[in-house]
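# Observations on the three-dimensional arrangement
Residues per chain are reported as follows:
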Amino acid sequence: MDNQTLRTDARVIGLVGLAHGVSHFYHLILAALFPWLKTAFGLSYSELALLMTVFFVVSGIGQAMAGFVVDKVGARRVLFSGMAMLGVSALVLSNAQNYAGLVVGALMAGMGNSIFHPADYTILNQRVSRDRMALGFSVHGVSGSIGWAAAPLFLTGVASTTDWRTALLSAAALPAIVLAILWWNREALRPDPIVQHAAGAQQGGSLDFLRLPSVWMCFGFFFLTALALGGIQSFSSTGLVKLYGMSLAMATSAFTAYMLASAAGMMLGGFLGAGRKNHDRTIAAAFALAAVLALLLGLAVVPAWGALVLMALVGFFSGIAGPSRDLMIRAAAPKNATGRVYGVVYSGLDSGLSVGPLLFGLMMDAGKPQFVFAGIAFFLLLAIATATGVGSRTRATARAAA
């Protein structure tokens, strides 16, 4: 029986992780092509950043709504529809003839992206055994980092050898292939009949969870960490080129090192999270180290190769916090509201990613790339306060219940 459970858990975790990797790949289908889009359409950094803002504003609003849909109709249907929308958005972007066309494509991509966190986490909570939940969260985070790391490598590689339209057209094939895999394995992703039809039917429309301070503190935590992430994703490569005089290829490699090291950190964080209850303290220690390293990057006191190492270390320590973050939210969430809680909380991620690129784009337009890395450090430090607040409230609630 245990072997059967292990196989079932591994299958579900693998499928959800694969879907999540595609979602994160699409976070960067525009940012990775900024150099080409800037030239093709004569855009400023702020105009480019506004495309990311459109993507994440739509995704954030849609994500909060998607959580309710997931709790009502089931995560599997919602997951399939989001995957299909991502593929369509890449086709629209590849045929854009002006800035308005890029905006429409970004909007559609944001709609597709909005469903993944509430759908993914609902499936994991329903289909994976409790003993392997930390591992499931860890793999989920790692797959997202792999998607982030793969996007600039794939898209810049194709665009360099062909053009940016071909790169986007090629990207459209990824969700189509993954959707076929998910459909073939759809039985493993079926909704939990007990949760779906019993507790879920009674509380599907409840908004009581919105009264919990811990839910909004989790939202704030994601908003702040996403502001930092928005700077890393959108302008860390460009900032490294200007601060250290390195080539764009090397700067892109530094971002890739960040993402791969983040994935390694998440794997370690999964083991740390499984053996601890005070997840906020793990987050605080990891983010504090990442913030100090980001400040060093902005000071440009190391050679170019040292900047690549520092980027990797920032990613590693940020990644360690990932599984503890998800376990912290799970502990703070009320029962039978998984989709709704994750939808609202993770909309903070999209909200921050909608503002972050625009904010850091203004810094780049002002000729201050060092402020990008200082800003990243600042927002990571602020996020520590929200995490410790959530942890304190969760422990107080547990003591009161005991």
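Residues numbered from 1 in each chain as written. Predicted model: local features only at pLDDT ≥ 70, side-chain atom pairs only at ≥ 80, totals over all residues. Heavy atoms only, no water.

## Let's talk about the overall build of the chain
Scanning the chain from N- to C-terminus turns up 16 helices and 0 strands. Since a compact globule built from 402 residues should have a radius of gyration of about 21 Å, the 20 Å found for the chain is in line with a globular shape. Taking the principal axes of the C-alpha coordinates as reference, the chain spans close to 55 × 40 × 40 Å. Counting over 402 residues, the chain shows a buried share of 57%. (Helix = DSSP H or I, 4+ residues; strand = E, 2+ residues; numbered from the N terminus. Rg over C-alpha atoms; globule rule 2.2 N^0.38 Å. Buried < 20%, exposed > 50% of the residue type's maximum accessible area, 1.4 Å probe, protein only.)

## Some words on the packing of helix H7 (residues 133-161) against helix H8 (residues 164-171)
Angle between the axes and distance between the axes are the two parameters that describe a pair of packed helices. Two elements in contact, H7 and H8, have axes whose closest approach is 7 Å; the angle formed by their N-to-C orientations is 135 degrees. Viewed along their axes, H7 and H8 adopt a mutual orientation that is oblique. In the crossing of H7 with H8, the sense of the turn from one axis to the other is right-handed. On the side of H7, the interface is formed by Phe154, Leu155, Val158 and Ala159, while H8 contributes Trp164, Thr166, Ala167, Ser170 and Ala171. Residues of the contact of H7 with H8, tallied by class, amount to 7 nonpolar, 2 polar and no charged. (Axes fitted to C-alpha atoms, helices over the stretch in contact; angles between N-to-C directions. Parallel < 35°, antiparallel > 145°, perpendicular 65-115°, else oblique. Left-handed = near helix turned anticlockwise from the far one by under 90°. Contact = heavy atoms within 4.5 Å. Nonpolar A, V, L, I, M, F, W, Y, C, P; charged D, E, K, R; others polar.)

## Overview of the environment of Gln126
Within the secondary structure, Gln126 is located in helix H6 (residues 116-127). The exposure class of Gln126 is buried, given its relative accessible area of 17%. Remark: the alpha-carbon pair of Gln126 and Leu299, spanning 173 residues in sequence, is separated by 46 Å.

## Details of the layout of surface pockets
Within this model, the second largest pocket holds a volume of roughly 380 Å³. Along the wall of the second largest pocket there are 20 residues; nearest its centre are Ala31, Pro35, Ser237, Thr238 and Leu248. Of all the secondary-structure elements, those providing two or more residues to the lining of the second largest pocket are helix H2 (34-41), H7, helix H11 (213-244) and helix H12 (248-274). If one sorts the elements of the lining of the second largest pocket by residue count, H11 sits on top with 6 residues. (1 Å grid on protein atoms, 1.4 Å probe; cavity = no way out; pocket = protein on both sides within 12 Å on 5 of 7 lines; lining within 4 Å. Points joined across faces, edges and corners; volume = space filled by probe spheres on them.)

## Topic: the nonpolar core
Core analysis: the largest hydrophobic core is formed by 122 residues, its most contacted members being Leu79, Leu155, Leu182, Leu240, Leu297 and Ile376. Residue contributions to this core peak at 13 residues, all from H11. With sequence-adjacent residues up to four places away left out, Leu240 is seen in contact with Gly245, Met246, Ala251, Ala254, Leu297, Ala307, Met311 and Phe373. (Core = buried A, V, L, I, M, F, W, Y, C linked by side-chain atoms within 4.5 Å.)

## Remarks on the packing of aromatic side chains
Summed over the entire model, instances satisfying the criterion amount to 15 aromatic pairs. Aromatic pair Phe255 and Tyr258: ring centres 6.3 Å apart, planes at 15 degrees, arrangement stacked. Separated by 3 residues within a single helix, Phe255 and Tyr258 lie in helix H12, roughly one turn from each other. Taking the relative accessible area as the measure of exposure, Tyr258 reaches 5% and is therefore buried. Here the aromatic cluster, defined as three or more aromatic residues joined through ring pairs, consists of Phe25, Tyr26 and Phe154. (Phe/Tyr/Trp six-rings, centres within 6.5 Å; stacked < 30°, edge-to-face > 60°.)

## Topic: the pattern of salt bridges
Using the criterion set out here, one finds 2 salt bridges in the structure. Across the pair Glu187 and Arg190 runs a salt bridge, and its minimum N-O distance is 3.5 Å. (Salt bridge = Lys/Arg side-chain N within 4 Å of Asp/Glu carboxyl O.)

## Thoughts on the side chain of His279
Of note, His279 is situated in helix H13 (residues 279-299). Since its relative accessible area comes to 9%, His279 is described here as buried.

## Re unusual backbone geometry
In this model, Ala300 sits at a positive phi of 55 degrees, which is unusual for a non-glycine residue. Considering the arrangement of structural elements, one finds Ala300 in the loop between H13 and helix H14 (304-332). On the basis of relative accessible area, Ala300 is assigned to the partly exposed category, the value being 31%.

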